[in-house]
Amino acid sequence: VVEEGEPFVERHLIRVAKDHNPRIKIFGKLSSHLPQTGELNFSAVGRALSSLLGIKYDASPPVEKLEVLEKSLKMLTPRTLTMCSGCPHRAAYYAAKKAIRTVSKGRYLAMGDIGCYTLGMYPPLKFMQDVFCMGGSIGVANGIAQTGIKDPVIATIGYSTFYHAGIPALINATFNKANIKVMVLDNYVTGMTGYQPHPGSGQTATGSQTKKVNIEDICRACGVEFVKIVDPYDQKSSVAAMEEALKFPGPAVVIFRRLCAQEYLRMVRKKGEKIIPCIVLEEKCIGCRTCVAAFGCPAMGFDTVKKKSYINTLDCTGCKVCIAVCPYGAIKQSEE
Ligand code: SF4
Ligand code: SF4
Ligand code: SF4
């Protein structure tokens, strides 16, 4: 049995098979033919099969070193972990950073949470300084705010994580007068863990219709006096809302609401609609790299020979946020 993670299938297979034939032999992780930890790569499986067949395992050349693999590795664009092209979370973080530069000269502390939006802590955004645990962002931000720190203290939390574990900490923020700013990243879905329904989706786990529980209503009921809802694709309104929240003397919540880009693509394809990508106008691009080095949509790249940015139109979702990001008006939606 070759399975990643726990030897779940193997264990159950042994139980069932041995009832029928107690002498049957089952090989896998529990028999120590395969390693319990690490990846089940070609070599690990090759070694296990060789030992079972009683033949010498020929490790030369190990598949990881095959020439074709080496060549393909060289062709890959090096990237850090990042959110998808057109992801609304990237737009939310970008707007928040802009607001922070205006309100507090770029100084702030941000605590993250667990979900696709956790990836906002990696370059180029590097928005959060810490991610403690699932549901930990608002609680940790509360604690930091109580130290008397002068810089803005921000918590970023996803839509379904907020329902799951954000509410008690938000009540605590109001109760203990913690001057924290909460960014709720509402993409309508539970993106990272399989799009399962949650209290805001209007659907139960069995697919039946149910009442939607609104995050804005919960925030107000928790005593938060500043609650704003913005579309992160609208950079102007998003920056303005974050600036207001940062200046507000007390706990403030900005809900960034926009459908997950992957879910959007699924819907568009289902309807047979066309995605109109954006393009870089080479004659206007001065190669400042703001779009790639500060924003970082993975549909964008930089041509080091031409010293200009470009957009991979096959990967672009047409969200148009990069149009607002480029300070030189060098990006526009294509006419195709
Ligand atoms: S799955 Fe959706 S929410 Fe997650 S990174 Fe991709 S676009 Fe963003
Ligand atoms: S931000 Fe605009 S001008 Fe700067 S590199 Fe990107 S497309 Fe070119
Ligand atoms: S429109 Fe711009 S930001 Fe949006 S997916 Fe395309 S390249 Fe990325």
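Each remark here, short or long, concerns the structure printed above.
Definitions and limits used
- Residues numbered from 1 in each chain as written.
- Chains lettered and ligands numbered in written order.
- Predicted model: local features only at pLDDT ≥ 70, side-chain atom pairs only at ≥ 80, totals over all residues.
- Heavy atoms only, no water.
- Buried < 20%, exposed > 50% of the residue type's maximum accessible area, 1.4 Å probe, protein only.
- Helix = DSSP H or I, 4+ residues; strand = E, 2+ residues; numbered from the N terminus.
- Pairing = 2+ DSSP bridges.
- Axes fitted to C-alpha atoms, helices over the stretch in contact; angles between N-to-C directions.
- Parallel < 35°, antiparallel > 145°, perpendicular 65-115°, else oblique.
- Left-handed = near helix turned anticlockwise from the far one by under 90°.
- Contact = heavy atoms within 4.5 Å.
- Nonpolar A, V, L, I, M, F, W, Y, C, P; charged D, E, K, R; others polar.
- Near = heavy atom within 4 Å.
- Core = buried A, V, L, I, M, F, W, Y, C linked by side-chain atoms within 4.5 Å.
- Domains from an automatic or database assignment.
- Phe/Tyr/Trp six-rings, centres within 6.5 Å; stacked < 30°, edge-to-face > 60°.
- Lys NZ or Arg CZ within 6 Å of the ring centre and 35° of its normal.
- Polar contact = N/O pair within 3.5 Å; in protein donor to acceptor, adjacent residues only side chain to side chain.

Participant: Please provide a residue-by-residue account of the pairing of strand S4 (residues 180-186), values included.
Facilitator: With respect to burial, S4 is a largely interior element, 7 of its 7 residues being buried. Covered by surrounding structure in S4 are Ile180, Val182, Val184 and Asp186 together with Lys181, Met183 and Leu185, the residues of both alternating faces. Sheet topology places strand S3 (residues 153-158) next to S4; 6 bridges connect them, and they run parallel. Within S4, the residue paired with threonine 156 across the bridge is methionine 183.

Participant: Provide a residue-level description of the packing of helix H5 (residues 137-145) against helix H6 (residues 159-175), including the pertinent values.
Facilitator: Where H5 meets H6, the axes come as close as 7 Å, and the angle between the chain directions of the two elements is 20°. Regarding the angle of H5 to H6, the classification is roughly parallel. Taken as a pair, H5 and H6 cross one another with a handedness that is left-handed. Here Ile138, Gly139 and Asn142 of H5 come into contact with H6, specifically with Phe162, Gly166, Ala169, Leu170, Asn172 and Ala173. Tallied by class, residues from the contact of H5 with H6 come to 5 nonpolar, 4 polar and no charged.

Participant: Any details on the site of ligand 3? Residues and values, ideally.
Facilitator: Taken together, the neighbourhood of ligand 3 is formed by 13 residues, with Cys297, Cys316, Cys319, Lys320 and Cys322 sitting nearest. Split by residue class, the shell around ligand 3 holds 9 nonpolar, 3 polar and 1 charged.

Participant: Tell me what's going on with the nonpolar core, and back it up with residues and numbers.
Facilitator: As a rule of thumb, nonpolar side chains are buried together in soluble globular proteins. Counting 75 residues, the largest nonpolar core has Tyr93, Phe127, Ile154, Phe162, Ile180, Val182 and Met183 as its most contacted members. Considering each element in turn, this core owes the most residues, 8 residues, to helix H4 (residues 88-104). Counting residues domain by domain, this core receives three or more from each of domain 2 (88-264) and domain 3 (275-333).

Participant: A description of the sheet that holds strand S6 (residues 252-257) should follow, citing residues and the corresponding values.
Facilitator: Read from one edge to the other, the open sheet built from 6 strands follows the order S2-S1-S3-S4-S6-S5, with strand pairing classed as parallel. Of all the strands in the sheet, just strand S2 (130-131) and strand S5 (226-230) have a single pairing partner and so form its edges. Across 2 bridges, the pairing between strand S1 (residues 109-112) and S2 is parallel. Across the sheet, residue glycine 112 finds its bridge partner in S2, namely valine 131.

Participant: Any chance you could break down the packing of aromatic side chains for me, citing the residues and the numbers?
Facilitator: All told, the structure shown has 5 aromatic pairs when counted by the stated rule. Where phenylalanine 226 meets phenylalanine 248, the ring centres are 5.4 Å apart and the plane angle is 50°; that geometry is what we call tilted. Of this pair, phenylalanine 226 sits in strand S5 while phenylalanine 248 is found in the loop between helix H8 (235-247) and S6, placing the two residues 22 residues apart along the sequence. Phenylalanine 248 gets classed as partly exposed once you look at its relative accessible area, which sits at 23%. Of the aromatic side chains, those joined through ring pairs into one cluster are Tyr93, Tyr108 and Phe127. A cation over an aromatic ring shows up here: arginine 90 above the ring of phenylalanine 295, its NZ or CZ 6.0 Å from the ring centre. Taking NZ or CZ as reference, arginine 266 lies 4.5 Å from the ring centre of tyrosine 195, over its face.

Participant: Which residues make up the environment of lysine 228, and what values do they have?
Facilitator: Along the chain, the position of lysine 228 falls in strand S5. Placed 26 residues apart in sequence, lysine 228 and valine 254 show a C-alpha to C-alpha distance of 4.8 Å. With residues up to four places along the chain from it excluded, the contact list for lysine 228 reads Ala241, Glu244, Val253, Val254 and Ile255. Of note is the side chain of lysine 228, whose polar atom sits 2.9 Å from the side chain of glutamate 244.

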